[in-house]
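# Inside the fold
Read off the chains here:
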Amino acid sequence: MISVESILLADGPALSSEIARKLVAQGSSADVARQRISRAGPNVRRLKGLVFPRNARFLYHAKHEGTEHYWTALSRDIREASPAYGPALAALQARDGVVPLDQFAIISGSPIRQQGQVSSETVLQRLEAVHLIERGEMQGVGPVVALRADGYLGRPNFKRLRARLVVEKMLLLALRDWARRLGVASYDKIEIRGDADRLPTFGTFNWDLCGPSYMVPMVRRQKDGPPKPGFLVGDVIAGSAVDEHAIAAFIRKFSLSSYLKNLPPFMPVLMADGYTQAAFNLGRSHGLMLATPKNLFGRDVAVGLATLLETLNKAAAVAVANPEVIGELFDKLSSIDGADRNLRGSLFELVVGHVVQARFGGSIDINHLLRFDTFKAEIDVRRVVAGEVWIYECKGYQPDHMIDAPEVEAWLTEKVPGIYSATKAEDRFNSSTVHFEFWTSGGFTDAAIAALTAARDRTKRYVIGWRAGKEVRSELAKLSPSGMTAMFDQHFLKHPIAVFDRRHDGVGALADLNIDATVPADLSEPFLPPLPKRPSRQEIRAEVEAAMAYERAPPTALAAE
């Protein structure tokens, strides 16, 4: 009679329920099949840390442990048999295999806490226990969750993570703007991921976007009391088309939320670049709104978002070969409320990369991740030229923003020494002169300049410099005409706030108005100006008589006045 070991060797790893089915097909009873599995021998191993529905266990032969056969079978059985772990794993794969740690609670498809359900934190711990995923740290992002599985389920794309997060922020801003304009949700009550310390929450789940809705199908009227709103909730995925496995996590959030009796009505929206036919049919069968940037915001915005992702993903190449795309991105995405200020930081790095390479030569890297012993850092722009390494810290703020001393001192004490040591540790740079420069599209306070000057004068191992927005613009102006100077003026130096301040001394003008900006101590009191004193009857009569006398006056008398 065929043994459990021989089945695993022939067919590969499988769930105990599948092995039992095969044994029964060979003539064993169900009880005998269970006994044979439990006594299968030392070469038949059971996966620890992850239990499947109906107490099924994942079985594999010792020869298969850690092989592609093992990981492929494990991911298959998780996807097909586990309603909690499969969608979470597929959702992570759909996001380049890596997300910030706090966002795993959004993408996993499992609740924060709900009776009878596995929580998102438990899903994370159990997938980590079987080495399908792992936690790590990424400079500039913080704690992350990434695919592991020895790479057999795909390699996490760390280089694209930052770019994808920027694009997803644009998607959320655009989705919030759409909801505001149509009145789908309350204008100033829509929360989006990243705008506050806590994640948007509705029911027992975290979402990328959440806001109360008073639309007729959503709101619930009460006899005694204000109306109870429904909610608009949504998630976004940038950079890939979603298949039926990845969409399952969003469907699970909707389904489990629908089971809660006291939860108000809600409208779920999933935003992605596209959907496979199977994913589209599955989502629509559950009544979900499946949106794409093109069908919700129009072609220009969709093209702008796709271009933004590729531009940030290939920042150095774009900065050198096609810097004009920076202005095009601002133009295409300008219709999104808040896009300008959210793009300014990322695109300023491209501006700096372009100007330093075009003006001074060499090769450049943008958003270069650096590790040396326990030190980790992200270099905004690095330029390498014969015998020299230039490290640029880039801060693309609004033009009226002033870099203050604490920000400069943090850079000088926390980043510069570590980056210097890591750079000199590389054989190709051990004899190079290292330069550090702080570039901003805004300006520096006197205290910040004093701190930079003192550091420059006392430091001998490396060179320190800085450039404010006007100096960056001056370097751009020295290049051959390419439209970059006009773009920098429009989006960095000639922001409406800065223009007002320069032309009208905005701060001084506001101070001269003597506006009373005090707020009542008791915030429960209405903050309204006092009503004018009501005139007496005598004052009213006097005003009427004066007006009538004016009307009766002859034209010559009016001219004399």
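What counts and what doesn't
- Residues numbered from 1 in each chain as written.
- Predicted model: local features only at pLDDT ≥ 70, side-chain atom pairs only at ≥ 80, totals over all residues.
- Heavy atoms only, no water.
- Helix = DSSP H or I, 4+ residues; strand = E, 2+ residues; numbered from the N terminus.
- Buried < 20%, exposed > 50% of the residue type's maximum accessible area, 1.4 Å probe, protein only.
- Contact = heavy atoms within 4.5 Å.
- Areas by Shrake-Rupley, 256 points an atom, 1.4 Å probe, with all protein chains shown as cover.
- Lys, Arg positive; Asp, Glu negative; His and termini not counted.
- Salt bridge = Lys/Arg side-chain N within 4 Å of Asp/Glu carboxyl O.
- Polar contact = N/O pair within 3.5 Å; in protein donor to acceptor, adjacent residues only side chain to side chain.
- Pairing = 2+ DSSP bridges.
- Axes fitted to C-alpha atoms, helices over the stretch in contact; angles between N-to-C directions.
- Phe/Tyr/Trp six-rings, centres within 6.5 Å; stacked < 30°, edge-to-face > 60°.
- Lys NZ or Arg CZ within 6 Å of the ring centre and 35° of its normal.

## Considering the overall build of the protein chain
Secondary structure assignment for the protein chain yields 23 helices and 20 strands. Counting across all 561 residues of the protein chain, residues that qualify as buried make up 47%. If you take every contact in the protein chain between residues at least 6 apart in sequence, the share linking residues at least 24 apart comes to 63%. Surface accessibility of the protein chain: about 28800 Å² in total, with carbon and sulfur atoms responsible for 52%.

## Side note on the side chain of Arg95
Structurally, Arg95 is set in the loop between α5 (85-94) and β4 (98-100). Glu168 is the oppositely charged side chain nearest to the buried, salt-bridge-free Arg95, at an N-O distance of 4.8 Å. A polar contact is formed between the side chain of Arg95 and the backbone oxygen of Ala91, at a distance of 3.1 Å. The contact partners of Arg95, leaving out residues within four places of it in the chain, are Ile107, Arg164, Val236 and Ile237.

## Re the side chain of Asp235
Among the structural elements, Asp235 can be located in strand β11 (residues 230-242). Of note is the side chain of Asp235, whose polar atom sits 2.8 Å from the side chain of Lys253. Beyond its immediate sequence surroundings of up to four residues, Asp235 is in contact with Ile106, Trp207, Asp208, Phe250, Lys253, Val269, Leu270 and Met271.

## Overview of the sheet that holds strand β14 (residues 363-372)
Strand order in the open sheet formed by five strands is β14-β15-β16-β18-β20, and the pairing between neighbours is mixed. With partners counted over all chains shown, the strands left at the sheet margins are β14 and β20 (463-467), one partner each. In this sheet, adjacent strand axes meet at a mean angle of 30° when their direction is disregarded. One ladder, built from five bridges, connects strand β15 (residues 375-385) with strand β16 (residues 388-395); its direction is antiparallel. Among the inter-strand pairings, Arg383 is bridged to a residue of β16, identified as Trp390. Of the strands in this sheet, β18 (433-440) and β20 are in contact with helix α18 (residues 469-477), which crosses β20 at around 90°.

## Looking at the pattern of salt bridges
Taken as a whole and assessed by the stated rule, the structure comprises 32 salt bridges. When the shortest N-O distance is used, the salt bridge between Asp365 and Arg382 registers 3.1 Å. A residue pair is termed long-range when its members are at least 10 positions apart, and Asp365 in strand β14 and Arg382 in strand β15 qualify at 17 residues. We classify Arg382 as buried; its relative accessible area is 2%. With a shortest N-O distance of 3.9 Å, Lys478 and Glu475 are connected by a salt bridge. Residue Glu475 is classed as buried on the basis of its relative accessible area of 7%.

## Focus on unusual backbone geometry
In this structure, Asn55 takes a positive phi of about 60° despite not being glycine. Relative to the helices and strands, Asn55 is located in the loop between β2 (44-46) and β3 (58-61). At Asp96, a residue that is not glycine, the phi angle is positive and equals roughly 60°. With respect to the helices and strands, Asp96 occurs in the loop between α5 and β4.

## Comments concerning the packing of aromatic side chains
Two aromatic rings are characterised by how far apart their centres lie and by the angle between their planes. Applying the stated criterion across every chain yields a total of 19 aromatic pairs. Where Trp411 meets Phe438, the ring centres are 5.2 Å apart and the plane angle is 90°; that geometry is what we call edge-to-face. Of the two residues, Trp411 is situated in helix α16 (residues 405-425) and Phe438 in strand β18; the sequence distance between them amounts to 27 residues. By relative accessible area, which is 1% here, Phe438 ends up buried. Members of the aromatic cluster, connected to one another through ring pairs, are Phe58, Tyr60, Tyr70 and Trp71. Sitting above the plane of the Trp207 ring, Lys253 keeps its charged end 4.1 Å from the centroid.

## A closer look at the environment of Val130
Of note, Val130 is situated in the loop between α7 (120-129) and β5 (133-138). Judged by relative accessible area, which is 2%, Val130 ranks as buried. Between the alpha carbons of Val130 and Lys48 there is a distance of 7.1 Å; along the sequence they are 82 residues apart. Not counting residues within four places of it along the chain, the set of residues in contact with Val130 comprises Leu47, Lys48, Gly49, Leu50 and Trp71.

## Digging into the sheet that holds β4
One open sheet accounts for three strands, arranged β4-β6-β5; its pairing is antiparallel. Sheet topology places β4 and β5 at the edges, where each strand pairs with a single neighbour. Ignoring which end each strand starts from, the neighbouring axes of this sheet average 30° apart. Relative to the sheet, α5 contacts β4, β5 and β6 (142-147), its axis offset from that of β6 by approximately 105°. Together, β4, β5 and β6 form the strand contacts of helix α8 (residues 158-182), whose direction differs from that of β4 by roughly 50°.

## Focus on the pairing of β11
Among the 13 residues in β11, 10 count as buried, and that is most of the element. As defined by bridge partners, strand β10 (residues 209-213) adjoins β11 across five bridges and the pair is classed as antiparallel. Within the sheet, the bridge partner assigned to Cys210 lies in β11 and is Val233. Where β11 meets strand β12 (residues 266-275), nine bridges bridge the pair, whose relative direction is parallel.

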